[in-house]
Amino acid sequence: MGSARYRIGIDVGGTFTDFVLVDMDRQLLSFHKEPSVPDDPSAAVERGLEALERRTGLMPTDVEVIVHGTTIGLNAIIQRRGARMALVVSEGNRDVLEIARLRLPSSYDFTVPRERPLVPRDRVFEIDARMRADGTIVSPPSAERLASLGEALAGCGVEAVAVMLLNAYRDAGLERTVAAALRAALPTVLVTESGVIWPEVREYERCVVTALNAFIHPLMTRYFNRLQANIANRGIQAPIYITGNNGGTLGLDTARARPINTILSGPASGVVASTRIGAAVDQPRLITLDMGGTSADMALCRAGVPEFATGTFVGEFPLMMPVVNVGAIGAGGGSILWVDAQGVLKIGPDSAGADPGPVCYRRGGTRATITDCYLACGILHPDRFLGGRMRLDADGAHGALDRIADRLGLDGVDRSVRVAEAALRVASTKMATEVIKLTAQAGIDPRDFSLVAYGGAGPTHANLLVLEARLNSVLVPTAPGTFCALGAVLADVRRDYVRTARHLIAPAGVLDSGQDGWPSVALALADLESEARAWIAREGDLIGEHDITVSFNLRYPSQAYELEVIVPPDQMPALSADLVCALFHTQHHQLYGFQHPTSPVQTTTLRLAVIGRVPAIGLPELAPGEPNAQETRQVWLDGRWTKAAVYARSDLGHGAMIDGPAVVEQPDTTVLLLPGWRARADRHGTLHMTEVPLA
């Protein structure tokens, strides 16, 4: 690595682009926030790197790695602003996206229109290429048909093509043949094959994953190329990694080929960093709150590990891939207040974003937001936002809230502040509902969990949320406003693999040799492991040791749905049919209250992940220090103005303890501490907020 000493984490959000600079020699962290540029996110990255160089004396040649997270692909999917694309399917399957799962969008409202397919029917093309479910090729495509298909696609003016042939999850060879012919005929068009992107059974979901990858492929390729060029123009030659949906990172070349792996990367990075904070304070049970400008993202961590899901939804579309299980609601700092036809105050999901932003930003916004509510209630100081880099317009915020008060029919003294308090309560209730759903689905008691609050607005709202959701405490990291960027540099390199494999397995002696599918399962796992190890070897010199994890989708014969059973890492050396079946029987009993220990078990899907470990980063430690309030100011709490002490976060040393009501200010966020609560700074600077027991 030569003389390189620094790592840089970057997280591009809708309102701000966040940076974390890690000095690997001295284990010091520096933070920076740069306003995002929606039209060209790489411009904010370049400006932020320039600012870091000015502030810290960073030399471009001293950077060893850059890890970057972005929601560009996610936003393109939600807003349907991706590429003009086409879809190629086997003959007779042209309506795969139109038919979908034949479910009504709403079971109780027949007037709700069904979702619009990602690819219109006139750009879905059939070809005489098909294989059976056992992988046998029924009809290979003819050269003439491939040539005419290329001509038809050229006439459509598409930027990207998705290829999804029937049963291609068994063998991607047939799709590769079609894709190779299309690449030769259309050299400027990006082609995605389903058997390469995600070879898992379920035709519609596999088609959607492939189409989504193709939809954002040109956009993300252009962005990654521009990002790489801008970073290189600054003299930085370090490798670039992109954060992934699974909480790990990918090399830039992998991310270019598989942008679908990066669309949920930002929220996942924050959850990864939360587990590191939890481990440092011996709290493995966490609920994370990432409250930024547009949304509030929440996730569950148990035993110090984020909870994963094998599928989620991106907008209207199912995403059949492993992701950190993050739930999002439209309740961010930029979420807009509005009044419905019944005169009820609502929050979001529309957001003011970075442009024009909240009214108080003075960028032309006219509609009141959550941030305007914080300012009106005195939680934010108009002259100290972003460390004084942006002066907020308090009069503008009050004026926007007065307009909401008019719609609600409120009058009298402090009506704008009363609207603001009501809006904050509505937002807290929305977030608490998501927390209750997360914990209820997992069958756990929220009172056993701590909330890790980050994002620009997370620490501001955390105390309000824990009261509503009945969590036991709050953890506020040292730099919560740039926490996802920190999670990016903390993350290991990771990629997930999948193989559909339907076999019966059972302990030794239960099945005849002709029925026993374990040899086939073991062979498929060996193939996946070989592919995974070859990939991790190409991902750069930064990676040290790597681990392999394995899980199975299993069910009893004739069941319709499966359970995912994860093999514990310490039991991987003893992996066998006996072990897998025992794990399944135990998990089935825990979930459903019964098991059939003498029954064979059917495998449906094999999952394998390779995790390349990167050198660990130590969290800096603080010197002891007593708190010293800078001033007091009036904050609106529980329907009245209350005098609150104001502290600078930089003055809170190890062991510092403060009681609410109080406000803690720092450049990237403001922490609100309610009456009856106490905050204590630990040796890493993390604030532990707990309710003071009644005497």
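Whatever comes next refers back to the structure up there.
Note that the coordinates shown come from a computational prediction; the quantities given were computed from them, not determined experimentally.

A. Geometry of the packing of aromatic side chains. Considering all chains together, one arrives at 6 aromatic pairs under this definition. The interplanar angle of 35° and the centroid separation of 6.3 Å between the aromatic rings of W518 and F552 together place this pair among those described as tilted. Highlighted residues: W518 in helix α15 (residues 518-537) and F552 in strand β26 (residues 546-555), separated in sequence by 34 residues. There is no split in this pair, since W518 and F552 are both buried. Each ring, one from W636 and one from W641, has its centre 5.2 Å from the other, and the planes form 85°; the classification is edge-to-face. For W636, a relative accessible area of 7% puts it in the buried group. We note R494 situated over the ring of F308; from NZ or CZ to the ring centre the distance is 4.9 Å.

B. Region of interest: the sheet that holds strand β33 (residues 669-673). With respect to topology, 4 strands assemble into an open sheet ordered β29-β30-β32-β33, the strand pairing being mixed. Edge positions in the sheet fall to β29 (631-637) and β33, since each of these pairs with one other strand and no more. Each strand axis lies, on average, 35° off the axis of its neighbour in the sheet, ignoring direction. Sheet topology note: the strand β30 (residues 640-648)/strand β32 (residues 662-666) ladder contains 4 bridges and is parallel. Paired with A645 across the strands is A662, a residue of β32.

C. Local environment of the side chain of S42. Along the chain, S42 turns up in helix α1 (residues 41-56). Classification of S42 as buried rests on a relative accessible area of 0%. Among the polar contacts listed, one links the side chain of S42 to the side chain of D40, at a separation of 2.6 Å. Among the polar contacts made by the side chain of S42, one reaches the side chain of N230 at a distance of 3.2 Å. S42 has contacts with Y223, R226, L227 and N230, leaving out every residue within four places of it along the chain.

D. α1, seen in detail. Its 16 residues place the ends of α1 23 Å apart at the C-alpha level, agreeing with the 22 Å of an ideal helix rising 1.5 Å per residue. Along α1, the residues that are buried comprise P41, S42, A43, A44, V45, G48, L49, A51, L52 and E53. Considering only its buried residues, α1 is in contact with β1 (6-12), β2 (16-23), β3 (28-35), β4 (63-70), α2 (72-79) and α7 (203-233).

E. The arrangement of α2 in detail. Residues of α2 that are buried include every one of I72, G73, L74, A76 and I77, and no others. At its buried positions, α2 is contacted by α1, β4, α7, β17 (312-314) and β18 (317-319).

Reading the values: the criteria
Residues numbered from 1 in each chain as written. Predicted model: local features only at pLDDT ≥ 70, side-chain atom pairs only at ≥ 80, totals over all residues. Heavy atoms only, no water. Phe/Tyr/Trp six-rings, centres within 6.5 Å; stacked < 30°, edge-to-face > 60°. Helix = DSSP H or I, 4+ residues; strand = E, 2+ residues; numbered from the N terminus. Buried < 20%, exposed > 50% of the residue type's maximum accessible area, 1.4 Å probe, protein only. Lys NZ or Arg CZ within 6 Å of the ring centre and 35° of its normal. Pairing = 2+ DSSP bridges. Axes fitted to C-alpha atoms, helices over the stretch in contact; angles between N-to-C directions. Polar contact = N/O pair within 3.5 Å; in protein donor to acceptor, adjacent residues only side chain to side chain. Contact = heavy atoms within 4.5 Å. Expected span 1.5 Å × (residues − 1).

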